[in-house]
Amino acid sequence: MRCRHSFILASVWAFLLLGCKSHPLTDFRPLDQAGMWSSAIEDLKKLNVSDQEVAQIVKVKQGGLSDDFCVELVNEAHIHKHFFNSAVSVRNLSGAGFSEPEILEIAKADKLDTVSGDAVTIKLIGLKDSTVQMIVRRKMKGDPTLSSEEIARLKNTGLTENQLIERIQRGMTDAEAEKEVKARQKALNRTGFVRIHGRKRR
């Protein structure tokens, strides 16, 4: 009986957290001050956003992102049964050059905070957009994928982008990448040593 009572209390709390009348006193003025159109604010009211979410949305809006995009971010968070609290991740992704549709794809997978760090680093490595998207999608799916640090280190040893893609797609682990990095660096150092001492004295 006590367990049943606890379950009922938990259910009531969940309803209050995301229910249709959970935030009747939310202050939407910061969104208006941030330049959001009234139609988008009305859409957010229908999503019953909290004051904390309003603050998060303002941060996203201040990054120059669109009203519709802000609404979609909140909607995706609510679909996944939690409040929107990923403004920093969204701003970082946008600042690195990810488009709104690309960021929304990550939001739909509910991976904004878990993928954004690696995604930003991968973007800044200088790979093609198609390669970046392939890597990010693998991470969203949970497929074995090299970390951004190891991808950067392999690239710095002289691997081509196609060679990187081949290693990623066959599921190379960070440990395997680390071994290859060390082996390639050793070979490069040895080659450099021979080349230097092979010069003729003047």
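Reference entry: report on the structure contained in this document. Since the model is a prediction, treat every value here as computed from it, not as a measurement.

## Considering the overall build of the protein chain
Part 1 of the reasoning: Of the regular secondary structure elements, the protein chain holds 12 helices and zero strands.
Part 2 of the reasoning: Counting helices and strands in the order they occur from the N terminus, the protein chain gives α-α-α-α-α-α-α-α-α-α-α-α.
Part 3 of the reasoning: By the burial criterion, 39% of the 202 residues in the protein chain qualify as buried.
Part 4 of the reasoning: For the protein chain, contacts bridging at least 24 residues in sequence account for 66% of all contacts bridging at least 6.
Part 5 of the reasoning: Here the protein chain displays about 12600 Å² of accessible surface, and carbon together with sulfur accounts for 54% of that area.

## A word on the packing of helix 4 (residues 51–61) against helix 5 (residues 67–79)
Part 1 of the reasoning: Where helix 4 meets helix 5, the axes come as close as 10 Å, and the angle between the chain directions of the two elements is 140 degrees. Considered as vectors, helix 4 and helix 5 are oriented oblique to each other. Seen from above, helix 4 lies across helix 5 with right-handed handedness. Along the contact surface, helix 4 presents Glu53, Ile57, Val60 and Lys61, while helix 5 presents Asp67, Phe69, Cys70, Leu73, Val74 and His78.

## Some remarks on the environment of alanine 152
Part 1 of the reasoning: Among the structural elements, alanine 152 can be located in helix 10 (residues 148–156).
Part 2 of the reasoning: Residue alanine 152 is classed as partly exposed on the basis of its relative accessible area of 21%.
Part 3 of the reasoning: C-alpha separation for the pair alanine 152 and leucine 127, spaced 25 residues apart in sequence, amounts to 9.9 Å.

## Things to note about helix 9 (residues 129–141)
Part 1 of the reasoning: Along its 13 residues, helix 9 runs 18 Å from first to last C-alpha, staying within 8% of the 18 Å computed at 1.5 Å per residue.
Part 2 of the reasoning: Residues Thr131, Val132, Gln133, Met134, Ile135, Val136, Arg138, Lys139 and Met140 constitute the buried set of helix 9.
Part 3 of the reasoning: Glycine 142, located one to two residues past helix 9, shows a positive phi value of around 85 degrees.

## What to know about the environment of asparagine 92
Part 1 of the reasoning: By the secondary structure assignment, asparagine 92 is in helix 6 (residues 87–95).
Part 2 of the reasoning: Distance in space between the C-alpha atoms of asparagine 92 and serine 116 is 7.4 Å, their sequence separation being 24 residues.

Calculation notes
- Residues numbered from 1 in each chain as written.
- Predicted model: local features only at pLDDT ≥ 70, side-chain atom pairs only at ≥ 80, totals over all residues.
- Heavy atoms only, no water.
- Helix = DSSP H or I, 4+ residues; strand = E, 2+ residues; numbered from the N terminus.
- Buried < 20%, exposed > 50% of the residue type's maximum accessible area, 1.4 Å probe, protein only.
- Contact = heavy atoms within 4.5 Å.
- Areas by Shrake-Rupley, 256 points an atom, 1.4 Å probe, with all protein chains shown as cover.
- Axes fitted to C-alpha atoms, helices over the stretch in contact; angles between N-to-C directions.
- Parallel < 35°, antiparallel > 145°, perpendicular 65-115°, else oblique.
- Left-handed = near helix turned anticlockwise from the far one by under 90°.
- Expected span 1.5 Å × (residues − 1).

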